[in-house]
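Each chain, written out:
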Amino acid sequence: MPNMNMLQAINQALDIAMAEDDKVLCFGEDVGSFGGVFRATSHLQEKYGHARCFNTPIVEQGIVGFANGLASQGSVPVAEIQFADYIFPAFDQLVNETAKFRYRSGDLFNVGGLTLRAPYGGGIAGGHYHSQSPEAYFAHTPGLKIVIPRNPYEAKGLLLASIRDPDPVLFFEPKRLYRASTGEVPEEDYQLPLGEAAVTREGSDVTLVGWGAQMEVIERAVELAEKDGISCEVIDLRTILPWDEDTIVDSVLKTGRLVVTHEAPRTGGFAGEIAATVQERCFLYLESPVMRVTGLDTPFPQTLEKEYLPDHLKIHEAIRASVNF
Amino acid sequence: MTTRPDSTTPPAPMSGTPEFLAGDEYQIPTWCVLGEDGRPLEGAQAPDIERDKARRIYEAMLATRVMDERMMAAQRQGRLSFYMQCTGEEAAVVGATAALDDADMIMAQYREQGALVYRGFSFDEFMNQMFGNELDYGKGRQMPVHYGSRKLHYMTISSPLGTQIPQATGYAYGQKLAGNGLCTLVFFGEGAASEGDFHAALNMAAVHEAPVIFFCRNNGYAISTPTVEQFAADGVAPRALGYRMHVIRIDGNDILAVYRATEEARRIAVEHNKPVLIEAMTYRLAAHSSSDDPSGYRSRKEEEAWREKDPILRMKRWLIERDWWSDDEENTRQDELRREVLETMKRAEKRPPSDLGTLVSDVYADVTPALQRQLDALTAHVRRYPDAYPRGASSLDPDVKNSADVTTDQGGA
């Protein structure tokens, strides 16, 4: 099995999808001959032509509006927003249009073919506007699916599943891992299921839940905790919406403890939703309060990024606090 | 990165003097064919419309007017929660639709029911949507007048203004790639043209060469805001120049100008994959909606002046002149239409609403486990308090449902 980084895995998924189906189109700012600012769409224009892979003007609301129209027509648009921080001009198209297309028409029309890719997250010295994790804004919107991969293997399988899924998907890519995360990825076509979390490590004392780039951070924290003799169960949520409650609930029923971590600010972050659900469904099994390790309730900083981020040390502290409560 | 020699804007000629343009150098004329007396203007280029087509257009305009009058009255009687009239703009809407292929996609704003009437949406179908009953294709999920029809290639209406405009660009781009020779026409008002989505849509359509017709109904008002407070420029049409797009301004109350301009726009769009902007100058004779009272922002005198320019009256004069219509026929048809509207309304308002389960279906292609849990909890709650939720309770109790006056099914959407 070849070793590759996450960008190569994403590029391969797009290549497979475009080769398989003429209706698949890739477009966005600098996506064409340049192959995207991160090169996720490299060589796709050469292989599939300008009509199917192209640059758009700098207009996120237009990119998503255009993609909604294409998807409603029966095409399979895989549009790119260059940074998740710049998705907000398209908020109306996503929240009021993409998410409600099937529902409001009574299923006469849908935009299920739409996949919107966007690099998200910090750790690259990107400051306010190249670092944000906006998943929670969209998690408040029924009708959208939100998928975030943790490594190259997951990225390829989840992206192919997102492109073929009958519902519109926001696919947030952890840009810090684009080149940093490498691993074995099958050359062939495969899909990983949406809406299903993955237990990446089994344990008995405490459950850790995260997604995307946080999974690597969780692993480092777990290494420290295991040295303390704490057995950790780790879950990658993978799909933020609709999310897999059962896998997390089953785990917490077993461990009695839960730590949730994300880079986004704490207040209104998705960890709060998970904590609320877990206390509803696991109340009598909980040994300690559900802990959240998140970004601060501030704009994403620049020079103090390391201090802001929910790193392995902060997660390790939370694990200890949870176990010693 | 490879740079193609043709990939940047060609250089404009250099000038030695700092000359500003003021932005008002271009005034786009309004094209008109039919005089208010129903006679083509001297030397005007009239389209070639056959008798049957002309009558189909006129009857659609008439049916739209009658339905609008009746439904506004029904709203005033408290039978309907909300309504919006097309009144005064029937020529713009029906004329544009008539010039298309019936399989072209129409993406409308919300005031374009005339397009659906022309394509054969029945009064039953209109009423089912307005009363949100179990036969509504939209399953009672939207306010009245948010129609959609897949079989008639009419995209379901969305309330947010302007969102359909970039979608039309994308839809048309898909039609171009499919090579089916079809195009998309998108309706919007001059107010909605202030939204960012409008500019996004026109620029992308020009850049990506999409076969889309942007049809602006400049009806003078965005609820209460007159055009002079909407834009400083000469209307919406000049914006096309900034996008290097074909454009024409027409008298929107002149059925022949609307038809001929749209027919030509369609040819440009489909044969050359070029977008076209049409600005139809018209007037919203009715209020913005049933919730609006125009007496607070415009004069009776102004309204009366526009009533003289009624597009239905003008087309009727033209038809009668050619002996394709008569006053007797008009009276008979109006009576029939009024009766039909009342009958279908009575049928629709008696029908029960969609099942409780339609609250959670179509959010996703399949109902998620979490949504199923929410529906189960709600169902149990409604069963416990049926009197508090009569609509939901009736869908759970077959006896209540069967007592309604159920007539024939309306068939596919």
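A quick note: this is a predicted structure, and the numbers were derived from the prediction, not measured. (Residues numbered from 1 in each chain as written. Chains lettered and ligands numbered in written order. Predicted model: local features only at pLDDT ≥ 70, side-chain atom pairs only at ≥ 80, totals over all residues.)

A. Focus on the overall build of chain B. Along its length, chain B carries 14 helices and 8 strands. Against the compact-globule benchmark of 22 Å for 413 residues, chain B has a radius of gyration of 24 Å, which places it among compact chains. Its C-alpha atoms put chain B at 85 × 65 × 45 Å along the principal axes. Expressed as a percentage of its 413 residues, the buried residues of chain B come to 47%. Of all intrachain contacts in chain B linking residues separated by at least 6 positions in sequence, the fraction that spans at least 24 positions is 75%. (Helix = DSSP H or I, 4+ residues; strand = E, 2+ residues; numbered from the N terminus. Rg over C-alpha atoms; globule rule 2.2 N^0.38 Å. Buried ≥ 20, exposed ≤ 12 C-beta atoms within 10 Å, placed from the backbone. Contact = placed C-beta atoms within 7 Å.)

B. The UniProt feature "domain: Transketolase-like pyrimidine-binding" (unreviewed entry) in chain A, seen in detail. Within this structure's numbering, the places UniProt gives as "domain: Transketolase-like pyrimidine-binding" (unreviewed entry) are residues 4-180 of chain A. The distance from the first to the last C-alpha atom of residues 4-180 of chain A is 10 Å, and the span holds 36% helix and 17% strand. (UniProt positions renumbered as here; feature names shortened; annotations may be inferred.)

C. Seen up close, the domain arrangement of chain B. Taken domain by domain, chain B comprises domain 1 (30-350) and domain 2 (356-402). For domain 1 of chain B versus domain 2 of chain B, the separation of C-alpha centres amounts to 37 Å. (Domains from an automatic or database assignment.)

D. The domain arrangement of chain A, seen in detail. Residues and elements named next belong to chain A. By domain assignment, chain A separates into domain 1 (3-184) and domain 2 (198-323). Measuring from the centre of the C-alpha atoms in domain 1 to the corresponding centre in domain 2 gives 26 Å. Across the boundary between the two partners, domain 1 contributes 25 residues, which contact 21 residues of domain 2. At 4 residues, the largest contribution of residues to the side of domain 1 that touches domain 2 is made by helix H6 (residues 135-139).

E. Spatial organisation of helix H1 (residues 51-76) of chain B. For H1(B), which comprises 26 residues, the first-to-last C-alpha distance of 37 Å matches the rise-based estimate of 38 Å (1.5 Å per residue) to within 8%. Downstream of H1(B) by one or two residues, B:Gly78 has phi in the positive range, about 85 degrees. (Expected span 1.5 Å × (residues − 1).)

F. Just the sheet that holds strand S7 (residues 169-174) of chain A, in detail. Residues and elements named next belong to chain A. The sheet built from 7 strands is open, its strands ordered S3-S2-S4-S5-S7-S6-S12 with mixed pairing. Strands at the two margins of the open sheet, each flanked by one partner only, are strand S3 (53-55) and strand S12 (239-241). Neighbour to neighbour, the strand axes of the sheet diverge by 20 degrees on average, direction disregarded. As defined by bridge partners, strand S2 (residues 24-28) adjoins S3 across 3 bridges and the pair is classed as parallel. Residue Phe27 lies in a different strand from S3, and its bridge partner there is Phe54. Each of S2, strand S4 (76-80) and S7 is contacted by helix H1 (residues 6-20), which is oriented at about 135 degrees to S2, the strand it contacts most. Docked against the sheet, helix H7 (residues 152-164) engages S2, S4, strand S5 (115-120), strand S6 (145-147) and S7, running at close to 165 degrees with respect to S7. (Pairing = 2+ DSSP bridges. Axes fitted to C-alpha atoms, helices over the stretch in contact; angles between N-to-C directions.)

G. The arrangement of the pairing of strand S10 (residues 206-210) of chain A in detail. All names here are of chain A. Most of S10 is tucked away: 5 of the 5 residues are buried. Relative to strand S11 (residues 232-236), S10 runs parallel, the two being bridged by 5 bridges. Looking at S11, one finds that Val206 is bridged to Cys232. For the crossover from S10 across helix H8 (residues 214-227) to S11, the handedness is right-handed. (Right-handed = clockwise from strand over helix to strand, strands pointing away.)

H. Broad picture of the sheet that holds S11(A). Residues and elements named next belong to chain A. Taken together, the 5 strands give an open sheet; going across it, the order is S9-S11-S10-S13-S14, and neighbouring strands pair in mixed fashion. With partners counted over all chains shown, the strands left at the sheet margins are strand S9 (198-201) and strand S14 (291-295), one partner each. Neighbouring strand axes in the sheet, compared pairwise and without regard to direction, differ in orientation by 25 degrees on average. Bridge count for strand S13 (residues 258-265) against S14 is 5 bridges, and the pairing is parallel. Paired with Val260 across the two strands is Arg292, which belongs to S14. Those strands touched by helix H10 (residues 270-282) are S10, S13 and S14, and its axis lies near 155 degrees from that of S13.

I. How the structure looks around the interface of chain B and chain A. Taken residue by residue, the interface counts 38 residues in chain B and 37 residues in chain A. For the side of chain B that touches chain A, the elements supplying multiple residues, two or more each, are helix H5 (164-178) and helix H6 (196-208) of chain B.

J. Structural context of the packing of H1(B) against helix H11 (residues 327-350) of chain B. Residue and element names in this part refer to chain B. Contact pair H1 / H11: the axes reach a minimum separation of 9 Å and the direction vectors enclose 45 degrees. Put simply, H1 runs oblique to H11. The two elements H1 and H11 cross, and the hand of that crossing is right-handed. Here H1 contributes Glu59, Leu62, Ala63, Val66, Met67, Arg70 and Ala74 to the contact with H11, which in turn contributes Arg333, Gln334, Leu337, Arg338, Val341, Leu342 and Met345. Class assignment for the residues of the contact of H1 with H11 results in 9 nonpolar, 1 polar and 4 charged. (Parallel < 35°, antiparallel > 145°, perpendicular 65-115°, else oblique. Left-handed = near helix turned anticlockwise from the far one by under 90°. Nonpolar A, V, L, I, M, F, W, Y, C, P; charged D, E, K, R; others polar.)

K. Here's a closer look at the packing of H1(B) against helix H2 (residues 90-98) of chain B. Residue and element names in this part refer to chain B. One can describe the packing of H1 onto H2 by two numbers: an axis separation of 10 Å at closest approach and a directional angle of 140 degrees. Between H1 and H2, the interaxial angle falls into the category oblique. You can see that H1 and H2 cross each other, and the crossing is right-handed. In this structure, H1 uses Lys53, Ile57, Ala60, Met61, Thr64 and Arg65 to contact H2, whose residues at the interface are Glu90, Ala91, Val94, Gly95 and Ala98.

L. Representation of the UniProt feature "domain: Dehydrogenase E1 component" (unreviewed entry) in chain B. Taking the numbering used here, the UniProt-annotated feature "domain: Dehydrogenase E1 component" (unreviewed entry) corresponds to residues 59-353 of chain B. Measuring from the first to the last C-alpha atom of residues 59-353 of chain B gives 31 Å, for a span that is 46% helix and 11% strand.

M. Seen up close, the environment of B:Thr262. Residue and element names in this part refer to chain B. Here Thr262 lies in helix H8 (residues 255-272). A C-alpha to C-alpha distance of 8.7 Å links Thr262 and Phe215, two positions 47 residues apart in sequence. Beyond its immediate sequence surroundings of up to four residues, Thr262 is in contact with Gly95, Ala96, Ala99, Leu100, Ile213 and Ile278.

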